[in-house]
Amino acid sequence: MTDLEQILCHRHPMIFLDDVIEADHDQLVARVRIRDGLPFFETDRGVPAWVGLEYMAQAIAALAGKRARDAGKPIPLGLIIGCRRYDCTTSTFGPDHELQISVTELAAEEYGFGSFDCDIEDCCRDPAANRDPGGPDRNILPRARLSLVGGARPAAALPAARPDRSSSPARASGRHLT
């Protein structure tokens, strides 16, 4: 079992994942069991499906944190800057269901920007109930592509702060850019 506090900037109770099942350099699989005590848990309903976006983001953060830890570097701070097509086949993740969150890095830039494919599979539901007709025989609930900055590669440095524009030639001449 992975000590998530060793690879995430989050601390309990804001760590939503239970464990990392497997990881390599470009992908990670995590899991969470939907239960009372989780943030956003509602008795008899479970967790709203929109929380799946945070499960995906924390799995990406765990991948970045594991890379950093393995390289002897500090855990990077990351930020979601975009999400394309958070497609979900359910409105809630039911109580006592175990979810498997898979993230795969598609691209990484030198400044820490990265793009990831993510999906969540419900390990407790009958796969025939909501099978993706064009996809593999898996029980995928939400699927998304996330863009992040700060956690794509542990050695990446964020761009330097913008220079002070008050001393720019345009400001000194009285011309202002709009």
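Residues numbered from 1 in each chain as written. Predicted model: local features only at pLDDT ≥ 70, side-chain atom pairs only at ≥ 80, totals over all residues. Heavy atoms only, no water.

Trainee: Can you walk me through the nonpolar core in this structure?
Mentor: The nonpolar side chains of a soluble globular protein tend to be buried, and buried together. Leu28, Ile34, Tyr55, Phe93, Leu99 and Ile101 are the most contacted members of the largest nonpolar core, which totals 32 residues. Here this core gets six residues from one element, more than from any other, and that element is helix H1 (residues 52–70). Not counting residues within four places of it along the chain, the set of residues in contact with Tyr55 comprises Phe16, Leu17, Val32, Ile34, Leu38, Val47, Phe93, Leu99, Ile101 and Ile120. (Core = buried A, V, L, I, M, F, W, Y, C linked by side-chain atoms within 4.5 Å. Buried < 20%, exposed > 50% of the residue type's maximum accessible area, 1.4 Å probe, protein only. Helix = DSSP H or I, 4+ residues; strand = E, 2+ residues; numbered from the N terminus. Contact = heavy atoms within 4.5 Å.)

Trainee: When you look at the pattern of salt bridges in this model, what are you seeing that I'm missing?
Mentor: One pass over the full model with this rule turns up nine salt bridges. With a shortest N-O distance of 3.8 Å, Arg67 and Asp26 are connected by a salt bridge. Highlighted residues: Arg67 in helix H1 and Asp26 in the loop between strand E1 (19–23) and strand E2 (27–33), separated in sequence by 41 residues. Arg69 serves as the salt-bridge partner of Asp70, at 3.7 Å between the closest nitrogen and oxygen. If you follow the salt bridges from partner to partner, you end up with Asp26, Arg67 and Glu105 in one network. (Salt bridge = Lys/Arg side-chain N within 4 Å of Asp/Glu carboxyl O.)

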